[in-house]
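# Structural overview
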Amino acid sequence: MTKVYFYATNEREMRLFNRQDPDSFLGIHDHFSGEIATSYIYLKKAGLDCEVINTIPEEGIVFGDKQSFDKTLLEIKKYLGRVYKYPGNAMLIAMKADYQFYPPAHINIVNNPVDFQKNRNSIWNPYYLVFPWPQPGLIPRLKERGCLVENVAYLGDQSQLAEELKSDKWRDALSSLGCKWWPILEPKKWNDYSNIDVVIAARSFDGNPYINKPANKLINCWRTGVPAIMTPESSILAEKKSDLDFLLVNSLDEAISAVSKLKSSPELYANMVSNARERAKDFTVEKGCERFMKFFEEFAFPTYNEWIKLTESQKKTLFWRRCSKLKLDNFKDRTISWLFSTLCDNFCL
């Protein structure tokens, strides 16, 4: 079996990687690659031959994410903008998360199946893995709360919350239903679902599929036994197996109706909680390890065996093609955005 190197940016991060319990990462959010470190801890216990390093080796498989790799490989140059360094003979695997595809990486792991389908067989060499690990220190909802619907929560960044859910109309509607609005915006509190009765996750109500976003908010609801109200993001719809998985809404009024529906139907609430516990069985740490080990054995290791057969010139060509592809895609996006804005301005005139 080929050894896999997990990339940390400095000695402090290496010490964090070598902790035995991923729950100890709770509250650490200063750009620390917690998901990479969590993967290292779980996969090492599962039998993967791996080691944590803080320098990119001359060869081998190196696993990391954009933020960590950028600290070594990214340069900002006058007139040229963002320029990536060639990583040499090391084959990089990057967790894409909700960023763009990463040019120095020969494999990009995506957490959204629509993102994968859109880019499969492309130069980005994507591989789809469902968001694998639980939130550190995850605390399930208290069973003694039964079918009580009182505390309606959002857990996440303020910037990722739909404007309609910041309105007085939303707060007043919940109050009229006998509910409280709990926007939990501090990362160190995102693990605690003990007194949450309903979670709503809505970045917007405009139908945006958000193909770069994973379904982790929904999966964490299943893990903690809390009914979820969701907008039709692509990763959310991809996970749906039954109407009990979540309540789908497309507007603020539908969100209000969904809370009212859960409030007035203890049977529906209980069925959704029971269903959540069943769905959570597909997203255990053990299942995550199985998916990751399959990725390495069936995709990453064979890809590396082909990679080491390439000449230095071929590896550099692939690297520069990816860099050029990213710049071209960004240029197209800016151009389309400018054209759309110009047409809208002219239409309004």
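Located above this text is the structure these notes cover.
Residues numbered from 1 in each chain as written. Predicted model: local features only at pLDDT ≥ 70, side-chain atom pairs only at ≥ 80, totals over all residues. Heavy atoms only, no water.

Here the focus is the pairing of strand E11 (residues 198-201). The alternating pattern of E11 places Val198 and Ile200 on one face and Val199 and Ala201 on the opposite face, and all of these are buried. Bridge analysis of strand E9 (residues 151-155) against E11 gives two bridges, and the strand direction is parallel. For Val152, the partnering residue across the bridge sits in E11 and is Val198. When E11 meets strand E12 (residues 228-230), the two strands line up parallel, connected through three bridges. Bridging across to E12, Ala201 finds its partner in Met230. (Buried < 20%, exposed > 50% of the residue type's maximum accessible area, 1.4 Å probe, protein only. Helix = DSSP H or I, 4+ residues; strand = E, 2+ residues; numbered from the N terminus. Pairing = 2+ DSSP bridges.)

What follows covers the state of the cysteines. Scanning all chains against the criterion turns up zero disulfides. This cysteine, Cys179, is not joined by any disulfide, and Cys147 carries the nearest cysteine sulfur, 14 Å off. Its sulfur unpaired, Cys289 is 10 Å from the next cysteine sulfur, which belongs to Cys50. We classify Cys289 as buried; its relative accessible area is 10%. (Disulfide = S-S within 2.5 Å.)

Bringing the environment of Thr9 into the picture now. Among the secondary structure elements, Thr9 is positioned in the loop between strand E1 (4-7) and helix H1 (11-17). Sequence-distant contacts of Thr9, that is, excluding residues within four places in its chain, are made with Asn54, Ser68 and Lys71. Only 3.4 Å separates the side chain of Thr9 from the side chain of Asn10, close enough to count as a polar contact. (Contact = heavy atoms within 4.5 Å. Polar contact = N/O pair within 3.5 Å; in protein donor to acceptor, adjacent residues only side chain to side chain.)

Moving on, we get to the nonpolar core. Generally speaking, a soluble globular protein has its nonpolar side chains buried in company with each other. Ranked by internal contacts, the top residues of the largest apolar core, which has 36 residues, are Phe6, Phe63, Ile93, Phe292, Phe295 and Phe296. Of all elements in the fold, only E1, H1, helix H2 (34-45), strand E2 (50-53), strand E3 (59-65), strand E6 (89-95), strand E7 (105-110) and helix H10 (285-307) reach the threshold of two or more residues within this core. A per-element tally of this core places H10 first, with ten residues. In this structure, Ile93 is in contact with Ile61, Val62, Phe63, Gly64, Phe69, Ile107, Ile109, Phe295, Phe296 and Ala300, ignoring residues within four places of it in sequence. Core analysis: the second largest hydrophobic core is formed by 28 residues, Tyr154, Ile200, Ala202 and Leu268 among them. (Core = buried A, V, L, I, M, F, W, Y, C linked by side-chain atoms within 4.5 Å.)

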